[in-house]
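# Structural features, examined
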Amino acid sequence: MEKIADPNSYGFRPKRSAADAIEQCFLALCRKCSAQWIFNGDIKACFDRISHQWLLEHTPMDKDVLRKWLKAGYMEKGAYHQTTEGTPQGGIISPSLLLVTLSGLEAELKRYYPQDKDKVNIVLYADDFIITGATKEVLEKEITPKVEAFLLERGLELSREKSKIIHIDEGFDFLGFNVRKYNGKLLIKPSKENVKRFLEGIRSIIKSNAAAKQENLIYLLNPKIKGWANYFKHAVSSKAFSYIDYHVGNALYSWVRRRHSEKSVSWRQRKYYRTRNLNRWIFSARIRNPDLSVRQLDLAKTGDTKIRRHIKIKSEANPYDPNFKEYFQQRRWRKVRRGKKETPNVDAWSTGSA
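Source: prediction; values computed, not measured.

Attention now moves to the packing of aromatic side chains. Across all of its chains, the model carries 13 aromatic pairs by this definition. Taken together, a centroid distance of 5.9 Å and an interplanar angle of 70° make the contact between F39 and F129 edge-to-face. Remark: F129 occurs in strand β5 (residues 128-133) and F39 occurs in strand β1 (residues 37-42); sequence separation between them is 90 residues. On the accessibility criterion, F39 (3% relative accessible area) is buried. For the ring pair W255 and F283, a centre distance of 6.0 Å and an interplane angle of 75° mean the geometry is edge-to-face.

Our focus in this paragraph is empty space enclosed by the protein. By the definition in use, this model includes one cavity of 30 Å³ or more. Of the voids in this model, the largest cavity is the one considered here, and its volume is about 50 Å³. Around the largest cavity, the lining residues are S9, G11, F12, P95, L98, L99, L102, L124 and A126. It is helix α5 (residues 94-102) that provides the largest number of residues to the lining of the largest cavity, a total of four residues.

Time to look at the state of the cysteines. A complete count under the given rule lists zero disulfides for this structure. Here C25 is not disulfide-linked; the sulfur of C30 is the nearest cysteine sulfur, at 11 Å. Unpaired in this structure, C33 has its nearest cysteine sulfur neighbour in C30, at a distance of 8.5 Å.

Rules used throughout
Residues numbered from 1 in each chain as written. Predicted model: local features only at pLDDT ≥ 70, side-chain atom pairs only at ≥ 80, totals over all residues. Heavy atoms only, no water. Phe/Tyr/Trp six-rings, centres within 6.5 Å; stacked < 30°, edge-to-face > 60°. Helix = DSSP H or I, 4+ residues; strand = E, 2+ residues; numbered from the N terminus. Buried < 20%, exposed > 50% of the residue type's maximum accessible area, 1.4 Å probe, protein only. 1 Å grid on protein atoms, 1.4 Å probe; cavity = no way out; pocket = protein on both sides within 12 Å on 5 of 7 lines; lining within 4 Å. Points joined across faces, edges and corners; volume = space filled by probe spheres on them. Disulfide = S-S within 2.5 Å.

This is the structure:
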């Protein structure tokens, strides 16, 4: 699959991530001479509508095995249903089949727009993608029809509700990030919708564990907080991290106050918090170890996550190609070294340089 995948396709591929896709967005849009218009596309019910016939004709694998995968059907409420289109829901082969289906879109566009003057670039992640263009007219009247024709051959179509053409000064959301230029400077931040949805999830966990032990609540929250912060640590996220920590802190203090409404503020602080770094209050539980020693279990804060610029994978890199063995070894060791090295907590993607 790696051999036929598009260079700037980043979903469901080894050694690639959403951070690579977002970094490619930065490279395509950060300069003054970069494209100003973006087609933010979304494929309607992608996994459910892929053409079986197209897959059987173009997927490089045993056709009988593939046919059995596609025609296996599914059970719902005790009844068997046949499948005439789409890929197995939740099947381990479905991501690979989607990768095969969308492979070739970048080559198709480059065939019509090989020159830099058109400023046509594509960034694809699963069934979400963006295409840049020099003008709105090029995207609307030329590129969109070509994309629709490409998808139609595979049994797919664009989602009219989610697909739109946007100027870079207006900005757009992609993979949970907001990409926008402010006075000519490109900044990539966590999107407002993503921040809102994350806080709603955190508040829901806190409210549904009103009677839980403090340490159990921290065990529930920490993986979510750390995971969200690590996903966005390569973007301009300092303000978003501060906003998240402030509102999570308020939600937790409300949780404490409901449990001990009759107690004073100082009593609540002594019981549920500890201080660190110039009276910084940390939501923390005292845990007794099997050897009877005591340790502190602190709530994770997004602001403690170091913000660092992500180094994008080479578009043509293939982890199964021996020619790239040394390249991937260098990336792995660079990642290990960066994990050990402390860096200032400054915003990435804020310098305007590629």
